[in-house]
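Structural overview
The residues making up each chain are set out below.
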Amino acid sequence: MADMGAFRDEVTAWAAGGPGGPARELAARLGVRTAVLLEGPSDLAAVEALAARRGRDLAAEGVCVVSMGGAMSVARHAALLGPPGLGLRLTGLCDEREQPFYDRGLERAGAPREGFFVCVTDLEDELVRALGPAGTEEVVRAAGDLRAWQTFLHQPAQHGRSRQRQLRRFLGTQKGRKIRYGRLLVEALAPDRVPAPLDDLLGSL
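Calculation rules
Residues numbered from 1 in each chain as written. Predicted model: local features only at pLDDT ≥ 70, side-chain atom pairs only at ≥ 80, totals over all residues. Heavy atoms only, no water. Helix = DSSP H or I, 4+ residues; strand = E, 2+ residues; numbered from the N terminus. Rg over C-alpha atoms; globule rule 2.2 N^0.38 Å. Contact = heavy atoms within 4.5 Å. Lys, Arg positive; Asp, Glu negative; His and termini not counted. Charge placed at Lys NZ, Arg CZ, Asp CG, Glu CD. Buried < 20%, exposed > 50% of the residue type's maximum accessible area, 1.4 Å probe, protein only. Arc of directions from axis to C-beta. Pairing = 2+ DSSP bridges. Right-handed = clockwise from strand over helix to strand, strands pointing away. Phe/Tyr/Trp six-rings, centres within 6.5 Å; stacked < 30°, edge-to-face > 60°. Lys NZ or Arg CZ within 6 Å of the ring centre and 35° of its normal. Axes fitted to C-alpha atoms, helices over the stretch in contact; angles between N-to-C directions. Parallel < 35°, antiparallel > 145°, perpendicular 65-115°, else oblique. Left-handed = near helix turned anticlockwise from the far one by under 90°.

1. Focus: the overall build of the protein
For the protein, the count of helices and strands is 10 helices and 4 strands. When the helices and strands of the protein are placed in sequence order, the string is α-α-β-α-β-α-β-α-β-α-α-α-α-α. Scaling as 2.2 N^0.38, a compact globule of 205 residues should have a C-alpha radius of gyration of about 17 Å, and the protein matches this with 18 Å. Overall, the protein is about 50 × 35 × 30 Å in size when its C-alpha atoms are taken along their principal axes. Once local pairs closer than 6 in sequence are excluded, the contacts in the protein between residues at least 24 apart make up 73%. One finds the centroid of the 27 positive side-chain charges in the protein at a distance of 4 Å from the centroid of its 26 negative side-chain charges.

So, in structure tokens, the structure goes:
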């Protein structure tokens, strides 16, 4: 039976230059109505973790969460999934520095800009600030990465940096770590401490 994961895979293949027919067929069969455009898989992990915490089944609601592989891909995805393509409602997250790419891509696709929520630096930074350095370090310890974190802190490049910046950098130093912590940090948040961009995105779906 077709599922939202299969649709997401077809969207990725389509965006890479493949045929659009399979994605169109699955969108109709699954009743897809909204595409959440995210820069990368760590953002996707965070969004799906928060949805699960709130008892939301996004796939059942006709919502597909898409990792685009970088902000530069937003114009392509907006054209395929928005008004020129499948006609889905588009929403998502973007980093402040990438906002111009989103604005141009959405404008070309004729999609509203209002559905996108902006993280000041990136979502990892938002999550670390929401948890606080001590709370984030506790997540790192519980995840079994305390020794790696302590080794990281001894690197000369980290001397003089704020703990906030150190933690954000640590999350990106190993392949797959940002994805893992995208979920773990969200799961550690108190309900009233969810960063506004992430909270607003879920509330808009």
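2. Quick word on helix α2 (residues 21-30)
Within α2, burial applies to Ala23, Leu26 and Ala27. Projected onto a plane normal to the axis of α2, the buried residues spread over an arc of 105° and lie on a single side. The outward face of α2, more than 90 degrees from its buried face, is lined by the exposed residues Ala28 and Arg29. Buried residues in α2 make contact with α1 (4-15). Looking one or two residues past α2, glycine 31 carries a phi angle of roughly 70°, positive in sign.

3. Comments concerning the pairing of strand β1 (residues 34-38)
Judged by how many residues are buried, β1 sits mostly within the fold: 5 of 5 residues are covered. Burial along β1 is two-sided: Thr34, Val36 and Leu38 facing one way and Ala35 and Leu37 facing the other are all buried. Where β1 and strand β2 (residues 63-67) come together, 5 bridges link them in parallel fashion. Counterpart to alanine 35 in the pairing with β2 is cysteine 64. Taken together, β1, helix α3 (residues 41-53) and β2 constitute a β-α-β crossover, and its handedness is right-handed.

4. A few points about the packing of aromatic side chains
A complete count under the given rule lists 4 aromatic pairs for this structure. For the pair tryptophan 149 and phenylalanine 170, a centre-to-centre distance of 5.3 Å together with 70° between the ring planes defines the contact as edge-to-face. Note that tryptophan 149 is positioned in helix α7 (residues 146-153) and phenylalanine 170 in helix α8 (residues 163-171), a separation of 21 residues in sequence. Both residues of the pair, tryptophan 149 and phenylalanine 170, count as buried. Among the aromatic residues, ring-to-ring pairing joins Trp149, Phe152 and Phe170 into one connected group. Looking at arginine 177, its charged tip hangs above the ring of phenylalanine 170, at a distance of 4.1 Å from the centre.

5. Focus: the sheet that holds strand β3 (residues 89-95)
Reading across the sheet, the 4 strands line up as β2-β1-β3-β4 and stay open at both edges, with parallel pairing between neighbours. Edge positions in the sheet fall to β2 and β4 (116-119), since each has one partner strand and no second. Each neighbouring strand pair of the sheet contributes to a mean axis angle of 15°, computed without reference to strand direction. Two strands pair when backbone bridges link them, and β3 and β4 are joined in this way by 4 bridges, in the parallel orientation. Across the sheet, cysteine 94 pairs through a bridge with valine 118, a residue of β4. Contacting β1, β2 and β3, helix α4 (residues 74-81) runs over the sheet at an angle of about 175° to β1. Helix α10 (residues 196-204) rests against β1, β3 and β4 of the sheet, and its axis sits at about 175° to β3.

6. Some remarks on the packing of α3 against α10
Here α3 crosses α10 at 60°, and the two axes come no closer than 11 Å. Classified by the angle their axes make, α3 and α10 are oblique. Crossing hand, α3 versus α10: right-handed. Judged by residue contacts, Val47, Leu50 and Ala51 of α3 engage Leu198, Leu201 and Leu202 from α10.

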